[in-house]
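One letter stands for each residue in the lines below.
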Amino acid sequence: MIPFNKPYMTGRELWYIAQAHANGHLAGDGLFTKKCHAWLENHTGTKKALLTHSCTAALEMAAILAEIKQGDEVIMPSYTFVSTANAFVLRGAVPVFVDIRPDTLNIDESLIESAITARTKAIVPVHYAGVACEMDTIMDIAQRHNLLVIEDAAQGIMSTYKGKPLGTIGHLGAYSFHETKNIISGEGGALLINDERFVERAEIIREKGTNRSQFFRGQVDKYTWTDIGSSYLPGEVIAAFLSAQMEEAENITQRRLAIWQQYNETLMPLEQAGKLRCPRVPEHCQHNAHMYYILLDSLAKRAEVITYLKAHDINAVFHYVPLHNSTYGQQHGRSHGDLPVTAMISDCLLRLPLWLGVEAHQQKIITELTNCLL
Ligand SMILES: *Cc1c(COP(=O)(O)O)cnc(C)c1O
């Protein structure tokens with residue numbers, strides 16, 4: 001079976017974990033965590049980067065920093081992972097689901113303004129497949145309505161919008177290093193703090209609501225409970241693994257892009273023949289080849305293709321069940337109008353295997369897909 005995903009190891013992960021062990025510091029915020037923070041800050045230009053256990057944890061921190069309260073509304077797409085909504089629902093917010101664009105499958109920025117009410121506190125754009133949302137329009141709407149923008153950039157590391165790294169355009173941004181993403185540590189994530197006024201409080205929230213970071217910098221003479229918070233920081237073993245991945249981030253991205261291009265070039269004739277639709281990446285968005293998806297004509301067609309590929313030892317998978325249709329989302333969220341594009345995309349989208357090493361199987365995948373569709 002050709003798997004849908006296979007985590008890539010650079011080869012230096014275990015060596016760095018051995019060093020973390022030898023350093024004798026295994027809790028969070030040791031040398032390897034500092035290395036990861038420096039890489040993120042240098043690479044993206046964000047004011048402050050903080051490693052977390054996951055993108056989910058980074059989004060939860062963002063919801064606390066945004067001071068989300070019971071009954072506040074947060075605007076987001078329905079076509080996303082549950083954590084985008086849950087991080088805010090945990091603080092009592094109502095997720096307000098807006099439809100997506102049929103080209104990039106990102107939140108349709110032209111629908112956001114009409115979804116805003118007196119209770120709206122934040123907009124959470126999700127950069128699907130590492131392709132940027134229309135951030136200029138979103139930031140302009142947020143500024144005019146005094147809202148915060150929290151980027152769910154779980155899939156967006158190494159991608160840019162008009163030259164700016166994803167995760168650095170909103171007030172806050174969240175990355176994921178889950179093993180299904182491009183740069184990994186098994187489970188892992190980071191919060192990017194782009195607005196200075198959140199830096200100090202973010203450190204406190206991440207350290208169980210204490211001013212421990214200030215204590216270690218010598219800014220206060222004892223550390224104590226100063227705010228709400230939790231334990232959001234990963235240990236050094238995770239950071240050691242992640243720093244090996246970060247050193248290879250450029251190479252990993254280039255190799256993924258080559259695989260993506262190969263799919264795109266060889267499947268384009270099928271698009272021209274009306275058999276499928278390939279992804280759309282706007283000129284001003286540099287993507288990171290997080291995902292290669294195709295759009296088929298119908299749910300039935302997609303089921304047929306999945307079955308066919310499985311019978312030929314290829315594991316291709318669909319993606320999100322829209323949150324507004326989910327059991328919990330129906331009860332606790334609100335849809336802004338009908339979401340026809342979301343419904344259509346969730347029925348018709350199919351993701352092809354994309355991982356470092358799939359090159360050896362790519363011709364087979366393309367051939368079987370062509371056999372099935374022609
Ligand atoms: C993967 C993903 C998440 C969750 O990331 P974790 O690190 O597993 O918490 C959140 N949002 C989106 C859009 C994702 O793709």
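Described below are features of the structure shown in this document.

1. A few points about the sheet that holds strand β2 (residues 73-77)
Thinking step 1. With mixed pairing, the 8 strands of this open sheet are ordered in space as β1-β9-β8-β5-β4-β2-β3-β12. Strand pairing shows two members of the sheet lacking a second neighbour, β1 (48-52) and β12 (334-335), which therefore form its edges.
Thinking step 2. Alignment of β2 against strand β3 (residues 94-98), held across 5 bridges, turns out to be parallel. Opposite glutamate 73, over in β3, you have valine 94 as the bridge partner.
Thinking step 3. Against the sheet, helix α6 (residues 199-206) touches β1 and β9 (189-193), its axis set at about 15° to β1.

2. What to know about the site of the ligand
Thinking step 1. Neighbouring the ligand are 15 residues; Thr56, Asp152, Gln155, Ser176 and Lys181 lie closest to it.
Thinking step 2. Here aspartate 152 contributes a side-chain N or O atom positioned 2.8 Å from a nitrogen atom of the ligand.
Thinking step 3. A distance of 3.3 Å is found between an oxygen atom of the ligand and a side-chain nitrogen or oxygen belonging to lysine 181.
Thinking step 4. If you map the ligand onto the pockets, it falls in the largest pocket.

3. What to know about the nonpolar core
Thinking step 1. Membership of the largest hydrophobic core comes to 72 residues, with the highest contact counts inside it found for Leu40, Phe177, Leu267, Tyr292, Ile294 and Leu369.
Thinking step 2. By residue number, the principal contributor to this core is helix α9 (residues 249-272), which donates 8 residues.
Thinking step 3. Two domains each provide a minimum of three residues to this core, namely domain 1 (13-247) and domain 2 (249-373).
Thinking step 4. If you look at the next biggest cluster of nonpolar residues, it comprises 35 residues, including Cys55, Ala62, Ala93 and Leu191.

4. Observations concerning empty space enclosed by the protein
Thinking step 1. This model, assessed by the stated rule, comprises 2 cavities of 30 Å³ or more.
Thinking step 2. As for the largest cavity, its lining consists of 13 residues, and the residues nearest its centre are Lys6, Tyr8, Lys181, Asn182 and Arg256.
Thinking step 3. Taken together, the residues of the lining of the largest cavity sort by class into 6 nonpolar, 3 polar and 4 charged.
Thinking step 4. Three or more residues apiece are contributed to the lining of the largest cavity by two domains, here domain 1 (13-247) and domain 2 (249-373).

What counts and how
Residues numbered from 1 in each chain as written. Predicted model: local features only at pLDDT ≥ 70, side-chain atom pairs only at ≥ 80, totals over all residues. Heavy atoms only, no water. Pairing = 2+ DSSP bridges. Helix = DSSP H or I, 4+ residues; strand = E, 2+ residues; numbered from the N terminus. Contact = heavy atoms within 4.5 Å. Axes fitted to C-alpha atoms, helices over the stretch in contact; angles between N-to-C directions. Near = heavy atom within 4 Å. Polar contact = N/O pair within 3.5 Å; in protein donor to acceptor, adjacent residues only side chain to side chain. 1 Å grid on protein atoms, 1.4 Å probe; cavity = no way out; pocket = protein on both sides within 12 Å on 5 of 7 lines; lining within 4 Å. Sits in = over half its atoms within 2 Å of the grid points. Core = buried A, V, L, I, M, F, W, Y, C linked by side-chain atoms within 4.5 Å. Buried < 20%, exposed > 50% of the residue type's maximum accessible area, 1.4 Å probe, protein only. Domains from an automatic or database assignment. Points joined across faces, edges and corners; volume = space filled by probe spheres on them. Nonpolar A, V, L, I, M, F, W, Y, C, P; charged D, E, K, R; others polar.

These figures come from the coordinates and say nothing about function on their own.
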